[in-house]
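One letter stands for each residue in the lines below.
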Number of protein chains: 2
Amino acid sequence: MTSTHEKVSPLPQSKAAAYTRESAASGVEQALKLLEGRWKLVILFHLFGGRVLRFSDLERAIPAISQKMLAQQLRQMEGDGIVRRVVYPQVPPKVEYALTEWGQALCPALDALLAWAAARPAE
Amino acid sequence: MTSTHEKVSPLPQSKAAAYTRESAASGVEQALKLLEGRWKLVILFHLFGGRVLRFSDLERAIPAISQKMLAQQLRQMEGDGIVRRVVYPQVPPKVEYALTEWGQALCPALDALLAWAAARPAE
DNA sequence: CGGGATCCAAGCGGATACTG
DNA sequence: CAGTATCCGCTTGGATCCCG
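Residue numbers restart at each chain and count upward from 1, following the sequence in its written direction. All chains are assigned letters beginning at A, and all ligands numbers beginning at 1, according to the order in which they are written. With the structure being a predicted model, the display of local features is reserved for residues of pLDDT at least 70 and the display and counting of side-chain atom pairs for 80 or more, all residues being used for whole-chain, interface and lining totals. Each side-chain value is derived from all of the structure's non-hydrogen atoms; neither hydrogens nor water enter the calculation.

## Considering the layout of surface pockets
Throughout, the protein atoms alone are placed on a 1 Å grid, and a set of points is a cavity if a 1.4 Å probe fits but cannot get out or a pocket if it is open with protein on both sides within 12 Å along at least five of seven lines; lining residues have an atom within 4 Å of a point. Grid points are joined across faces, edges and corners, and a volume is the space filled by probe spheres set on the points. In this structure, the largest pocket encloses a volume near 390 Å³. Here a helix means four or more residues in a row that DSSP labels H or I, a strand means two or more in a row labelled E, and each is numbered from the N terminus. Of all the secondary-structure elements, those providing two or more residues to the lining of the largest pocket are helix H1 (15-35) of chain A together with helix H1 (15-35) of chain B. Throughout, the ten residues Ala, Val, Leu, Ile, Met, Phe, Trp, Tyr, Cys and Pro are labelled nonpolar, Asp, Glu, Lys and Arg are labelled charged, and all others, Gly among them, are labelled polar. Considered class by class, the residues forming the lining of the largest pocket number six nonpolar, two polar and eight charged.

Next up, the structure:
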């Protein structure tokens, strides 16, 4: 199954239904864990659209971030397969960052989240 | 605009483009903040499909959670307009939890996230 | 230029005990 | 039954300094 819109069973006597809920929850949890981190979304949005940026470009684009955080978040996203890192063996060093195809594929999902947030009723 | 799939400007000289990226990032960030918390997604998935559960039902459904955390996360989601809380003035007390319409509307967005996670290439 | 190493403060979440 | 109150450890993230 790929949908979370499962029919509600009036009496959830089915273990399969419970398993479905748990696995869906943990699946989304794993996805969100990849996006956790104070700066990942900001970085992500700067790289969307196929943009390729150097480390210093990102520093300039996100003035509030520290070098440590920028490096750390980029490393994690690289390890997670969201970001591709290209090192040019030259001096002074030059490193470029871009999204992988899978990273780009996050766009529709974040769009859906954005749409949901926009639909928030007034309180 | 509602889409994050904006065309990449070869030279991002447009301030509008930058503003778009920033606001989209912060929009999604705000959405994700509502879902942050160790147990919110688990609770959410137990309430999806229009299920109505009592406090003790949720405790039984999520054995690993503590009372403090269950109450806290439910309060936050109630305050955020995701969960509706109904108190029956009787003794012993009875409190039921269900998703608001807006809470239910999270389903497609989480589906998209789930689909994205499932599309992760093998490493 | 593009980091790594270290130290430190704040906040999140867990365990336990108590209550209307 | 459905919480609240308190304490406490661990993780996250910021500041600073150093390096190839």
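Next comes the rest of the account.
## A few points about the nonpolar core
Counting 70 residues, the largest nonpolar core has Leu 44 of chain A together with Leu 44 of chain B as its most contacted members. Contacts are assigned to residue pairs with any non-hydrogen atoms lying within 4.5 Å of each other. Residue contacts for Leu 44 of chain B: discarding those within four places in its chain leaves Leu 35, Met 77, Ile 82, Leu 99, Leu 106 and Leu 110 of chain B. Put simply, a nonpolar core is a bunch of buried Ala, Val, Leu, Ile, Met, Phe, Trp, Tyr and Cys residues held in one set by side-chain atoms that sit within 4.5 Å of each other. Using a 1.4 Å probe on the protein chains alone, a residue whose accessible area is under 20% of its type maximum counts as buried, one over 50% counts as exposed, and one in between counts as partly exposed.

## A word on the UniProt feature "domain: HTH hxlR-type" (unreviewed entry) in chain A
UniProt positions are given in the numbering used here, feature names are shortened, and annotations may be inferred rather than shown by experiment. The UniProt entry lists residues 25-123 of chain A under the feature "domain: HTH hxlR-type" (unreviewed entry), expressed in the numbering used here. Along residues 25-123 of chain A the backbone is 57% helical and 14% strand, and the end-to-end C-alpha distance reaches 28 Å.

## Quick notes on the packing of helix H6 (residues 106-118) of chain A against helix H6 (residues 106-118) of chain B
Axis angles are defined between N-to-C directions and span 0 to 180 degrees, where every axis is a line fitted to C-alpha atoms and, for a helix, only to the segment in contact. Following both chains from N to C, one finds H6 of chain A and H6 of chain B inclined at 165°, their axes separated by 8 Å at the closest point. The pairing of H6 of chain A with H6 of chain B is recorded here as roughly antiparallel in orientation. Seen from above, H6 of chain A lies across H6 of chain B with left-handed handedness. Taken together, the residues of H6 of chain B that come into contact with H6 of chain A (itself represented by Leu 106, Ala 109, Ala 112, Leu 113 and Trp 116 of chain A) are Leu 106, Ala 109, Ala 112, Leu 113 and Trp 116 of chain B. Here the contact of H6 of chain A with H6 of chain B is built from residues that sort into ten nonpolar, no polar and no charged. Any angle between 65 and 115 degrees counts as roughly perpendicular, while under 35 counts as roughly parallel, over 145 as roughly antiparallel, and the rest as oblique. Handedness of a helix crossing follows the sense of rotation of the near helix relative to the far helix, less than a right angle counterclockwise being left-handed and clockwise being right-handed.

## Considering the protein's contact with DNA strand C
We define proximity as follows: a residue is near a molecule or strand when any one of its heavy atoms falls within 4 Å of that partner. Surveying the vicinity of DNA strand C reveals 20 residues, the closest of which are Ser 56, Gln 67, Arg 85 and Tyr 97 of chain A together with Lys 68 of chain B. Backbone atoms, meaning sugar and phosphate, form 62% of the atoms of DNA strand C found within 4 Å of the protein. Polar contact criterion, stated in full: a pair of N or O atoms within 3.5 Å, where within protein one must be able to donate a hydrogen and the other to accept it, and residues adjacent in sequence count only if both atoms are side-chain atoms. Here a phosphate oxygen of DNA strand C sits 2.8 Å away from a polar atom, N or O, in the side chain of Ser 56 of chain A. Elements that contribute at least two residues to the surface near DNA strand C include exactly helix H3 (55-61), helix H4 (67-79) and strand S3 (94-99) of chain A together with helix H4 (67-79) of chain B. In terms of residues, the surface near DNA strand C owes the most to one element, H4 of chain A, which gives four residues. Per-class residue counts for the surface near DNA strand C are nine nonpolar, four polar and seven charged.

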